[in-house]
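Now for the letters of each chain:
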Amino acid sequence: MAYMAGNVEKRLNPSLLLPSARSVIVVAMNYYPEKRLRDDQVQFAYYAYGKDYHDVVRSRLMKLAASLSIYDIRHREGAACAGSSAYEGLVCCDTVPVLERYWAWRSGIGWIGKNSSLIIPHAGSYFFLGVILTSLEFTEYDVPISNYCGNCENCLKACPTGALCAPYSLDASKCLSYLTIENRGPIPPAYAAKMGNMVYGCDQCQRCCPHNRFATPTEVEEFTPSEEFMTMTAEKWRCLSEEDYRRLFSGSAVKRAKYTGLRRNIDLLPEEQ
Ligand code: SF4
Ligand code: SF4
């Protein structure tokens, strides 16, 4: 998490990333899987079922940018092809210190729920976000929408570790999503005991959200899980070799935890699993 603390100013001020920035374009891409692991199977967060969203969202954002005559300033060849009438841009999908969720809220895509996720009306929160910072100016800009969490507190009650310590307040150091993916050390026993059959990420605060009743399956082919992944048994997960891991997660975001991270999580599965 140190990279976040080190880039606070850039996160708050996009013109430190792109001095010519005048607009922020935000997109949301549905990843809600049509087929989901049964509750009695070893669990992965839904976003990790398919190919790495960084690659999928980024390649589509690049196409969108090109269609608007925006070139990414990190690609010199793009600048050369774009010509003098093109606009400067920076394509961001979780790889540049930009507050994607904040800009998604500012742009009226959805509201930030008490679980800290962006929630889109009548669609839910199973979405990846992508941003293009650009020097292109528009005549009209979208504005934020209302928050529809109301009196609901399902997510605070469902969080197994108390990471959602108050509405809109997430303590990442207690969050199973952080502890099972980004964290490189051992998982503290008190939190490991709350993992159940979850070995990569945690969706509890989203699965309980009433707005996710509106989620519809993604049509993005790259997010469809492989047959092998969907039919893995607890026994097979326990025997997972590094070679199996590389084959199963080729091009997947699960690579972020590395084999050793996933192995650590699998080794914490309850015996009855
Ligand atoms: S992902 Fe899981 S552990 Fe993290 S805040 Fe949500 S429910 Fe809590
Ligand atoms: S579960 Fe309820 S409180 Fe939490 S984000 Fe969803 S609507 Fe808001």
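Below, the structure is looked at part by part. (Residues numbered from 1 in each chain as written. Chains lettered and ligands numbered in written order. Predicted model: local features only at pLDDT ≥ 70, side-chain atom pairs only at ≥ 80, totals over all residues. Heavy atoms only, no water.)

**Considering helix α3 (residues 53–67)**
The following threshold applies: Per the convention used, a helix needs a DSSP run of H or I reaching at least four residues, while a strand needs a run of E reaching at least two, with both numbered from the N terminus. By this rule the span expected of a helix is its residue count minus one, scaled by 1.5 Å. Summary of the burial criterion: residues with accessible area below 20% of their type's maximum are buried, those above 50% are exposed, and those between are partly exposed, where the area comes from a 1.4 Å probe applied to protein chains only. When checking whether two residues touch, look at their non-hydrogen atoms; a contact exists if any pair is within 4.5 Å.
Its 15 residues give α3 an end-to-end C-alpha distance of 21 Å, which sits within 8% of 21 Å, the value for a rise of 1.5 Å per residue. Here α3 has its buried residues at Tyr53, His54, Val56, Val57, Leu61 and Ala65. Taken together, the buried residues of α3 touch β1 (23–30), β3 (70–72), β4 (87–92) and β7 (127–134). Residue serine 69 follows α3 closely and has a positive phi angle near 60 degrees.

**Side note on the packing of aromatic side chains**
How we decide: The rule is short: rings of Phe, Tyr and Trp, with Trp giving its six-membered ring, pair when the centres are within 6.5 Å, and they are stacked under 30 degrees, edge-to-face over 60, tilted in between.
Taken as a whole, this structure holds 26 aromatic pairs when the rule is applied. Ring centres of tyrosine 31 and tyrosine 126 lie 5.9 Å apart, and the angle between their planes is 70 degrees; this geometry places the pair in the edge-to-face category. Of this pair, tyrosine 31 sits in the loop between β1 and β2 (43–44) while tyrosine 126 sits in the loop between β6 (118–119) and β7; the two residues are 95 residues apart in sequence, bridging distant segments of the chain. Comparing tyrosine 31 with tyrosine 126 shows no difference in burial state: the two are buried. Relative to tryptophan 237, the ring of phenylalanine 229 lies with its centre 6.2 Å away and its plane at 80 degrees, an arrangement referred to as edge-to-face. Each member of the pair, phenylalanine 229 together with tryptophan 237, is buried.

**Notes on helix α13 (residues 258–266)**
Taking burial as the measure, the nine residues of α13 include seven buried ones, the bulk of the element. Within α13 the residues assigned to the buried category are Tyr259, Gly261, Leu262, Arg263, Arg264, Asn265 and Ile266. The inward-facing, buried residues of α13 abut β2, α7 (176–181), β10 (198–200), α11 (234–238) and α12 (242–248).

**Re the pairing of β7**
Worth spelling out the cut-off: Two strands pair if DSSP finds at least two bridges between them.
In terms of burial, β7 is a largely internal element, eight of the eight residues being buried. Of the two faces of β7, the one lined by Phe127, Leu129, Val131 and Leu133 and the one lined by Phe128, Gly130, Ile132 and Thr134 are each fully buried. Alignment of β1 against β7, held across eight bridges, turns out to be antiparallel. Among the inter-strand pairings, alanine 28 is bridged to a residue of β7, identified as leucine 129.

**Notes on the site of ligand 2**
How we decide: Whether a residue is near a molecule or strand is decided by its heavy atoms; if any one of them lies within 4 Å of it, the residue is near. Residues are grouped as follows: Ala, Val, Leu, Ile, Met, Phe, Trp, Tyr, Cys and Pro are nonpolar; Asp, Glu, Lys and Arg are charged; all remaining types, including Gly, are polar.
The full set of residues close to ligand 2 is Gly113, Lys114, Asn115, Ile119, Cys149, Cys152, Asn154, Cys155, Cys209, Pro210 and His211. Among the residues making up the shell around ligand 2, the classes are represented as six nonpolar, four polar and one charged.

**Here we look at the side chain of asparagine 30**
What counts is decided by this rule: What qualifies as a polar contact is a pair of N or O atoms within 3.5 Å, subject to a donor-acceptor requirement within protein and to the restriction that residues adjacent in sequence count only when both atoms come from side chains.
Structurally, asparagine 30 is set in strand β1. Looking at asparagine 30, the relative accessible area reads 16%, which means it is buried. Separated by 2.7 Å, the side chain of asparagine 30 and the backbone oxygen of threonine 216 make a polar contact.

**Some points on the site of ligand 1**
Cys159, Pro160, Thr161, Ala163, Leu164, Leu170, Cys175, Leu176, Cys202, Gln204 and Cys205 make up every residue found near ligand 1. Of the residues in the shell around ligand 1, the class split is nine nonpolar, two polar and no charged.

**Some points on the sheet that holds β1**
Convention followed: Axes here refer to lines fitted to C-alpha atoms; in helices the fit is confined to the stretch in contact. Angles between the N-to-C directions go from 0 to 180 degrees.
Sheet architecture is open: four strands sit in the order β1-β7-β4-β3, paired in mixed fashion. In this open sheet, the two strands that pair with only one neighbour each are β1 and β3. Neighbour-to-neighbour, the strand axes of this sheet turn through a mean angle of 35 degrees, independent of strand direction. Against the sheet, α3 touches β1, β3, β4 and β7, its axis set at about 40 degrees to β7.

**Regarding the nonpolar core**
Filter applied, for reference: Put simply, a nonpolar core is a bunch of buried Ala, Val, Leu, Ile, Met, Phe, Trp, Tyr and Cys residues held in one set by side-chain atoms that sit within 4.5 Å of each other.
By size, the foremost hydrophobic cluster in this structure holds 46 residues, and its most contacted members are Phe44, Tyr47, Trp237 and Leu262. Among the elements of the structure, β1, α3, β7, β10, α10 (227–230), α11, α12 and α13 are those that each provide at least two residues to this core. Ranked by the residues each element gives to this core, the list is headed by α3, at five residues. Apart from the residues lying within four places of it in its own chain, the contact partners of leucine 262 are Phe44, Val199, Tyr200, Leu240, Tyr245, Phe249, Val254 and Ala257. Residues Leu18, Ala21, Trp103 and Phe127 belong to the second largest nonpolar core, which totals 18 residues.

Shape is all these values report; function is a separate question.
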